[in-house]
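Spelled out, the chains give:
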Amino acid sequence: AQSVTQLGSHVSVSEGALVLLRCNYSSSVPPYLFWYVQYPNQGLQLLLKYTTGATLVKGINGFEAEFKKSETSFHLTKPSAHMSDAAEYFCAVSGSGDDKIIFGKGTRLHILP
Amino acid sequence: GAGVSQSPSNKVTEKGKDVELRCDPISGHTALYWYRQSLGQGLEFLIYFQGNSAPDKSGLPSDRFSAERTGGSVSTLTIQRTQQEDSAVYLCASSLDSSNQPQHFGDGTRLSIL
């Protein structure tokens, strides 16, 4: 079985500062890992995913995440925050086969001018 | 576009009424999920359909909730005898299969129970 923990339900950063959203997972099999973003009144959109191979994954809008097996983490980062990054971010994990995808509770990112 | 379509986008109904929410997944997607998102809460998994397998209903909060997926395509989530705590946004997502394929989400149905 898989589970996901997102640390911090709300994170505030200044415009231009580093964005770091934390995600730790638990999985009994090699995981597939995802980050999604949700803008107001919309569904979720995929930012990036890790399946196999390179552990540093680059996604859309300048975001990236690094899979660290030893730390069971998949933290999301962006070097310089932009006002348009204000949204809710969800980390998700799944296993192999027909395992369903499990989402974390989300982190709302606030960008301060 | 050929994205996931949900209808209605908004639904207001009186307590005790039944409601049906519809999801049209992307053509060819075998996996379909329903989630509930309440104010200030994360995504609550409700039910998962994968191909012709029996659905995973482990997330349905009570026997008032049910869902079906006809012909492996369109899905309907039904809530009977609605309660005020059912007020939430109901999101549908589909994917090519299940585990390593990303989900494509609809914009949701905002359900308000008066």
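See above for the structure.
All values derive from a computational prediction rather than experimental measurement.

A. Summary view of the sheet that holds strand β7 (residues 75-79) of chain B. Residue and element names in this part refer to chain B. Taking strand neighbours across the sheet as the criterion, the four strands line up as β1-β3-β7-β6 in an open arrangement whose pairing is antiparallel. The strands lining the two open edges of the sheet, one partner per strand, are β1 (5-7) and β6 (65-69). Taken pair by pair, the neighbouring strands of this sheet meet at an average axis angle of 15°, ignoring direction. Relative to β7, β6 runs antiparallel, the two being bridged by five bridges. Directly across from Glu-68, in β7, lies its bridge partner Thr-76.

B. Representation of the environment of B:Asp24. All names here are of chain B. Structurally, the position occupied by Asp-24 is in strand β3 (residues 19-24). Accessibility expressed as a relative area gives 23% for Asp-24, which makes it partly exposed. Each C-alpha atom, one on Asp-24 and one on Ser-94, is 9.0 Å from the other, the two residues being 70 residues apart in sequence. Not counting the four nearest positions on each side in its chain, Asp-24 is found in contact with Gly-3, Val-4, Ser-5 and Val-74. Of the polar contacts made by the side chain of Asp-24, one reaches the side chain of Arg-22; its length is 2.8 Å.

So, how was this worked out
- Think of each chain on its own: its residues are numbered from 1, step by step along the sequence as written.
- Whichever chain is written first is A, and whichever ligand is written first is 1; the rest continue in order.
- Side-chain atom pairs in this predicted model are given and counted only at pLDDT of 80 or more, local residue features only at pLDDT of at least 70, and totals for whole chains, interfaces and linings cover all residues.
- Computation of side-chain values: all heavy atoms of the structure, hydrogens and water removed.
- Pairing between strands requires that DSSP locate at least two bridges from one strand to the other.
- A run of H or I in DSSP counts as a helix once it spans at least four residues, and a run of E counts as a strand once it spans at least two, with each numbered from the N terminus.
- To get an axis, a line is fitted to the C-alpha atoms, and for a helix only the part in contact is used. The angle between two axes follows their N-to-C directions and goes from 0 to 180 degrees.
- Only protein chains enter the calculation, and the probe is 1.4 Å; a residue is then buried if its accessible area is under 20% of its type maximum, exposed if over 50%, and partly exposed in between.
- The criterion used for residue contact is that any of the two residues' heavy atoms lie within 4.5 Å.
- Nitrogen and oxygen atoms within 3.5 Å of one another constitute a polar contact, given that in protein one can donate a hydrogen and the other can accept it, and given that sequence-neighbouring residues count only through two side-chain atoms.

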